[in-house]
Amino acid sequence: EWENAKMLPAHEVFKKLGDAGFLGVNRPTEYGGLGLDYSYNVAVAEELGNIRCGGIPMAIGVQTDMATPALARFGSDLVKREFLAPSIAGDKVACLGVSEVGAGSDVSSIKTIAKKVGDDYVINGGKMWTTNGLQADWMCLLANTGDGAPHRNKSLICVPMDTPGIHKAKKIDKMGMWCSDTAQIFFDDVRVPQKYLIGDEGMGFMYQMVQFQEERLFGATVCLLGLDNLIKETIEYTSQRKVFGQSILDHQTVHFKLAELQTEVELLRSLIYRATGMYIQGDDVTELAIMAKLKAGRLSREATDACLQFWGGMGFTAENVASRMYRDFRLMSIGGGADEVMLSIIAKYMGT
């Protein structure tokens, strides 16, 4: 139903999740969180992979692992109580404003500006590919607040989405992730108090890099059970579907390929668990998180393509699990940093 409507009821869903404690698993208890370590967040993300479409986990992930990590870590008590606490409770829906028409994976190139006027920031510009954007109550916005170097002139600001001057230009029709609304948003002299700044001015780029660690680990983790389930269902179908007198699964090329894919999923799981363990210890896991995201995106493309092929004509129908995952999981190699950008960052860590 939500897939056909191309919109999930975010406030209804998030309120139920908030009441159950799932929107603040590793957030401080004083703001309504459970106060657990990040491994519990990963456990929740992994279980979300059981949902049979990608749009719902992605919408939830924006709330828990993309729009709020920097706020929870660097925000003042005032902004935490006004934006973090109701997001954990499920009373407010959050979105993240980073990507723009001319600046996706290249975050340093964003053009949106927030200029100080009195006690306010006046914001002008636009954001693209904003998940939850049509339903969000507030945005974690990355904007240029100075004229210095591109890595030192940006800030993260909490922006209420009912502020005058915000225009939700359109709902973007996507290849996949249908039930997750995605918006293009413009800011025309939008005034917000400077007290809504997250942390220190000029540190927004660095804070966003911190947020990317959790975003990329979340995205990679959500793929695990989805791929597990896809492989299992493909085994079940191909064991029953016969061609030329024997099941499709009995062909070596099929069951060998499925064995290879399952092995790759387990390797990805081990990488994610290792990165999670290091993150809990306070280590910088940027490189491992990027590797996990890169591997998850490429493996998702390989696995969904192979399984769809094994389903034959049934795989080409819209409601088939292989078809849905094929179109939903394709985003993993684009969103949160394209594969090519991930490779370039890994190469820098390697010194090449």
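All of the points below concern the structure found in this document. (Residues numbered from 1 in each chain as written. Predicted model: local features only at pLDDT ≥ 70, side-chain atom pairs only at ≥ 80, totals over all residues. Heavy atoms only, no water.)

1. Some thoughts on the overall build of the protein
Turning to step 1, where the next piece is worked out: If you tally the helices and strands in the protein, you get eleven helices and ten strands.
Turning to step 2, where the next piece is worked out: A compact globule built from 352 residues should have a C-alpha radius of gyration of about 20 Å, and the protein, at 21 Å, falls within 12% of that.
Turning to step 3, where the next piece is worked out: The principal-axis extents of the C-alpha atoms in the protein amount to approximately 80 × 45 × 40 Å.
Turning to step 4, where the next piece is worked out: Taking all 352 residues of the protein together, 55% fall into the buried category.
Turning to step 5, where the next piece is worked out: Split by element, the accessible area of the protein, about 15200 Å² in all, is 55% carbon and sulfur.
Turning to step 6, where the next piece is worked out: Side chains of the protein give 36 positive and 43 negative charges; the mean places of these two sets differ by 3 Å. (Helix = DSSP H or I, 4+ residues; strand = E, 2+ residues; numbered from the N terminus. Rg over C-alpha atoms; globule rule 2.2 N^0.38 Å. Buried < 20%, exposed > 50% of the residue type's maximum accessible area, 1.4 Å probe, protein only. Areas by Shrake-Rupley, 256 points an atom, 1.4 Å probe, with all protein chains shown as cover. Lys, Arg positive; Asp, Glu negative; His and termini not counted. Charge placed at Lys NZ, Arg CZ, Asp CG, Glu CD.)

2. A short note on helix α8 (residues 252–280)
Turning to step 1, where the next piece is worked out: In this model, α8 (29 residues) spans 42 Å end to end at C-alpha, consistent with the 42 Å of a helix rising 1.5 Å per residue.
Turning to step 2, where the next piece is worked out: In this structure, the buried residues of α8 make contact with α3 (38–48), α5 (69–74), α7 (204–240) and α9 (286–311).
Turning to step 3, where the next piece is worked out: In the stretch just after α8, G282 is the one whose phi turns positive, near 95°. (Expected span 1.5 Å × (residues − 1). Contact = heavy atoms within 4.5 Å.)

3. What to know about the pattern of salt bridges
Turning to step 1, where the next piece is worked out: By the definition in use, this model includes 20 salt bridges.
Turning to step 2, where the next piece is worked out: The partner of K116 in a salt bridge is E201, with the nearest N and O atoms 3.5 Å apart. Placement of K116 in strand β2 (residues 113–117) and of E201 in the loop between β8 (197–198) and α7 is noted, with a sequence separation of 85 residues between them.
Turning to step 3, where the next piece is worked out: Judged by its relative accessible area of 34%, E201 is partly exposed.
Turning to step 4, where the next piece is worked out: Salt bridges sharing partners connect three or more residues here, namely E3, E319, R324 and R327. (Salt bridge = Lys/Arg side-chain N within 4 Å of Asp/Glu carboxyl O.)

4. Some points on the environment of Y273
Turning to step 1, where the next piece is worked out: Counting through the fold element by element, Y273 comes out in helix α8.
Turning to step 2, where the next piece is worked out: With a relative accessible area of 41%, Y273 lands in the partly exposed category.
Turning to step 3, where the next piece is worked out: Residues Y273 and L217, spaced 56 residues apart in sequence, show a C-alpha to C-alpha distance of 9.6 Å.

5. Considerations on the state of the cysteines
Turning to step 1, where the next piece is worked out: This structure, assessed with the given rule, holds zero disulfides.
Turning to step 2, where the next piece is worked out: Its sulfur unpaired, C223 is 13 Å from the next cysteine sulfur, which belongs to C53.
Turning to step 3, where the next piece is worked out: Classification of C223 as buried rests on a relative accessible area of 2%. (Disulfide = S-S within 2.5 Å.)

6. Examining the packing of α7 against α8
Turning to step 1, where the next piece is worked out: Between α7 and α8, the least distance of the axes is 10 Å, while the angle of their chain directions is 155°. Between α7 and α8, the interaxial angle falls into the category roughly antiparallel. Handedness of the α7/α8 crossing: left-handed. Across the interface between the two elements, Q213, E214, L217, A220, T221, L224, L225, L227, D228, I231, T234 and I235 from α7 touch L258, L261, Q262, V265, E266, L268, R269, I272, A275 and Y279 from α8.
Turning to step 2, where the next piece is worked out: Classifying every residue of the contact of α7 with α8 by side-chain character gives 14 nonpolar, four polar and four charged. (Axes fitted to C-alpha atoms, helices over the stretch in contact; angles between N-to-C directions. Parallel < 35°, antiparallel > 145°, perpendicular 65-115°, else oblique. Left-handed = near helix turned anticlockwise from the far one by under 90°. Nonpolar A, V, L, I, M, F, W, Y, C, P; charged D, E, K, R; others polar.)

7. Focus: the layout of surface pockets
Turning to step 1, where the next piece is worked out: Here the largest pocket is characterised by a volume of approximately 1400 Å³.
Turning to step 2, where the next piece is worked out: Every residue lining the largest pocket is counted, 50 residues in all, and those nearest its centre are E215, I334, G335, G336 and G337.
Turning to step 3, where the next piece is worked out: Of all the secondary structure elements, the ones that give two or more residues to the lining of the largest pocket are α4 (55–66), β1 (94–97), β3 (120–131), α7, α9 and α11 (339–350).
Turning to step 4, where the next piece is worked out: Looking at the lining of the largest pocket, the element that brings in the most residues is α7, giving nine residues.
Turning to step 5, where the next piece is worked out: Its volume calculated, the second largest pocket comes out at about 250 Å³. (1 Å grid on protein atoms, 1.4 Å probe; cavity = no way out; pocket = protein on both sides within 12 Å on 5 of 7 lines; lining within 4 Å. Points joined across faces, edges and corners; volume = space filled by probe spheres on them.)

8. Observations concerning the side chain of E215
Turning to step 1, where the next piece is worked out: By the secondary structure assignment, E215 is in helix α7.
Turning to step 2, where the next piece is worked out: Buried and unpaired, E215 has no salt bridge, with R216 as the nearest side chain of opposite charge at 6.2 Å.
Turning to step 3, where the next piece is worked out: Ignoring anything within four residues of it in the chain, the contact list for E215 reads D65, M66, L96 and G336.

9. So, the side chain of T304
Turning to step 1, where the next piece is worked out: Within the secondary structure, T304 sits in helix α9.
Turning to step 2, where the next piece is worked out: Note on T304: relative accessible area 2%, which makes it buried.
Turning to step 3, where the next piece is worked out: Within the local environment of T304, its side chain forms a polar contact with the backbone oxygen of S300, the two atoms lying 2.6 Å apart.
Turning to step 4, where the next piece is worked out: At a separation of 3.4 Å, a polar atom in the side chain of T304 contacts the main-chain carbonyl oxygen of R301.
Turning to step 5, where the next piece is worked out: Ignoring any residue separated from it by four or fewer positions in sequence, one finds T304 in contact with L230, M325, Y326 and F329. (Polar contact = N/O pair within 3.5 Å; in protein donor to acceptor, adjacent residues only side chain to side chain.)

10. What to know about the packing of α7 against α9
Turning to step 1, where the next piece is worked out: Viewed as axis vectors pointing N to C, α7 and α9 meet at an angle of 20°, and their least axial separation amounts to 9 Å. As the angle between them shows, α7 and α9 are arranged roughly parallel. Relative to α9, α7 is oriented so that their crossing is left-handed.
Turning to step 2, where the next piece is worked out: Looking at the contact of α7 with α9 residue by residue, the classes come out as 15 nonpolar, six polar and three charged.

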